[in-house]
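# Survey of secondary and tertiary structure
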Amino acid sequence: MNRIAFLASFLMAALTAAADDGKLTGTVIGTDLYVDYSTFQQSTTANTREMAFDGDLNTCFASWERSYTWTGLDLGSAHVITKVGWSPRNDGQGEKRVQLGVFEGANSPDFMDALPLYIIPEKGTIGQMSYATVNCSRGFRYVRYVGPNDARCNIAELEFYGHAGKGDDSHLYQLTNLPTVSIHTLNGEIPYDKEHEISSQIIIISDNGTKLLDKPGGVRERGNASRTFPKKPWRIKFEKKQNVLDAPAKAKKWTLINNYGDKTLMRNLLAFELSRRMGLPYTPFGAAVDVLMNGEYKGCYQLCDQVEVNPGRVEVTEMTPEDNSGEALTGGYFFEIDAYANEEMSMFTSNMGNPVTIKSPDEDEITTEQHNYIQQYFNKMENQWKTYLDLNTFLRHFLVGELSGNTDTYWSTYMYKERGNDMIYTGPVWDFDIAFENDNRTYPINNKKDYIYRSGGSYAGNMKSFVDRIVINDTDAKAQLVALWDEARQGGLTVESMTAFIDNMEQYLQQSQNLNFLRWDIMNTKVHQNPKCWGSYAAEVQNVRRFLQERIAWMDNRLGYIYTPSSIQTVDNERQTTDNGRWYTLDGRCVEHPTKGIYIFNGRKVAIK
């Protein structure tokens, strides 16, 4: 049976079961401190959780705490839930207080193993029950309703329907077409900083509810500026390495990027696509997901690699504390030119004034010999970049930053060095929330005559001067830059292909963005560095679409490049080209006497027969 037929069969069975199954009863459970609205004082007797199951639409459950509160039933044994019902509190705010409320089922009384059953996408109707079919085949002993953020739960009546049975995991519920990431923390503790990891159960439901990853781990906050937003970014860490969705790496650590200031919810994923098209050796994995924390809906996030030394990520040798001499001391190292380096334990400032954070070896394992080696080697690279900087990755990374209009390209720049290899490589790309025309300090980017890093972009230390030495002042590097740009353009980096990619992402994110901006009502509010409020999700995406269409032409012009699809001039030998210039291979290597093959000569592609 194919997937479409299976889903149709399942939905038909679910609808039949929902029609036949009766309303379930059990012991009322849930949050046990309430608010007495007559006094606005804490109470144990007013608006209790039992009132959500008393059959009276004029009473309600209202918790004392404003968020992460809930009520539900202990059914005594596992039941497959086929339908849920709800009615909001009878007051002026009641109708909207159920919007984004979440139903969950569990077989552990602490709900650490809970799975989502349904999220309410619309306002309720006072004095009336609303119902939804539940498409989850697993049976649960414990069921509950978790109120949305800042709502005190405020529910007049709840109903659960179903039949006894353990069920199975053949079909689970996703909030939208995106994978659902549901995290439950020990004792309901919410992550509060970057240092303390909270024990958690991490669940990822994907592939239209047919695939489940359910593993123990931990969660904490992550990021710098992004941590100041009300929608928090998190790092999740499984106890053991896991294959997550279709990511290349099997790893413990993963990131949940919050995209608070990016109202398209796609800028990082778009930048990763540019990285792949620009041919960087490693592009971080990223996937749009819906996130729940302890049953509360948190929004649309991007589940991404933790950028670290690991197979399928930064693939350099992972050092040990014993690697202190000889070739073992030469690598591998992973580090970041980092404007926040002074906040880190393992860091140094280069002789040219660039702050560097050492990411690997870890700060609690790196030895003095290793720290001194990479500091001295980085200084040597700055002084002799033609010898020790891999220009190929540096320029590809540069092109992604400039094409995306990323004002933070040199605020945070990752680099790495492998054992036994003299070169320092640049990458991967990271952090594009304020790229693609989303920074009031540089808007409108395409009106500027020079590169963004030289026209208002942020940079750590003296990185502007370092980049100038390469892409502005060095003739060979500038020619190689044109060659790499031509390689990307001839390889399919066109206005048409990038427009199609954005169109597809917009359609893919539609369901999730609707929920996200119900949770975060910021579409008409400037947040982070927003230069403008475009007024709707479609208009926000159109701003990115327009910017990139114009930016490709801007880059052609800035590089003195004329794009002609698949244009190759054919000559018998290099002497037939009388122009003064240098010959470059398609991967950017300068050659004095080219032989048979295809080369870049003065910004155009030439085939020597």
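Shown above is the structure to which this text applies.
One structure accompanies this document, and this report is about it. (Residues numbered from 1 in each chain as written. Predicted model: local features only at pLDDT ≥ 70, side-chain atom pairs only at ≥ 80, totals over all residues. Heavy atoms only, no water.)

### Here's the deal with the pairing of strand β7 (residues 115-119)
The element β7 is extensively covered by neighbouring structure, given that five of its five residues are classed as buried. Pairing between strand β6 (residues 102-106) and β7: four bridges, direction antiparallel. Looking across to β7, one finds that Val 102 is bridged to Ile 119. (Buried < 20%, exposed > 50% of the residue type's maximum accessible area, 1.4 Å probe, protein only. Helix = DSSP H or I, 4+ residues; strand = E, 2+ residues; numbered from the N terminus. Pairing = 2+ DSSP bridges.)

### Things to note about the sheet that holds strand β21 (residues 412-417)
With antiparallel pairing, the five strands of this open sheet are ordered in space as β19-β20-β18-β21-β22. Unpaired on one side and paired on the other, β19 (347-349) and β22 (425-426) mark the two borders of the sheet. Here three bridges tie β19 to strand β20 (residues 355-360), and the two strands are oriented antiparallel to one another. By the bridge assignment for β20, Phe 348 is matched with Val 356.

### A word on the sheet that holds strand β14 (residues 234-243)
An order of β11-β12-β13-β14-β15-β17-β16 is seen for the seven strands of this closed barrel, with the pairing classed as mixed. Going across the sheet, the axis of each strand differs from the next one's by a mean of 35°, ignoring polarity. Alignment of strand β11 (residues 180-185) against strand β16 (residues 286-293), held across four bridges, turns out to be parallel. The partner of Val 181 across the bridge, within β16, is Val 291. Strand contacts of helix α10 (residues 510-519): β16 and β17 (296-305), with the helix running at about 125° to β17, the strand carrying the most contacts. (Axes fitted to C-alpha atoms, helices over the stretch in contact; angles between N-to-C directions. Contact = heavy atoms within 4.5 Å.)

### A closer look at empty space enclosed by the protein
What the rule picks out here adds up to three cavities of 30 Å³ or more. Approximately 80 Å³ is the volume found for the largest cavity. Forming the walls of the largest cavity are His 397, Gly 401, Asn 406, Asp 408, Thr 409, Ser 412, Thr 413, Tyr 414, Pro 428, Val 429, Trp 430 and Phe 432. Elements with a minimum of two residues in the lining of the largest cavity: α6 (391-403) and β21. For the lining of the largest cavity, the element with the most residues is β21, which contributes three residues. Residue classes in the lining of the largest cavity are distributed as five nonpolar, six polar and one charged. (1 Å grid on protein atoms, 1.4 Å probe; cavity = no way out; pocket = protein on both sides within 12 Å on 5 of 7 lines; lining within 4 Å. Points joined across faces, edges and corners; volume = space filled by probe spheres on them. Nonpolar A, V, L, I, M, F, W, Y, C, P; charged D, E, K, R; others polar.)

### A look at the side chain of Asp 290
Inspection of the secondary structure assignment puts Asp 290 in strand β16. The buried charged residue Asp 290 lacks any salt bridge partner; its closest oppositely charged side chain belongs to Lys 231, at an N-O distance of 8.6 Å. For Asp 290, the side chain forms a polar contact with the side chain of Ser 512, separated by 2.5 Å. Those residues in contact with Asp 290 that lie beyond four places of it in its chain are Leu 175, Thr 176, Leu 178, Pro 179, Thr 180, Val 181, Tyr 297, Gly 299, Cys 300 and Ser 512. (Lys, Arg positive; Asp, Glu negative; His and termini not counted. Salt bridge = Lys/Arg side-chain N within 4 Å of Asp/Glu carboxyl O. Polar contact = N/O pair within 3.5 Å; in protein donor to acceptor, adjacent residues only side chain to side chain.)

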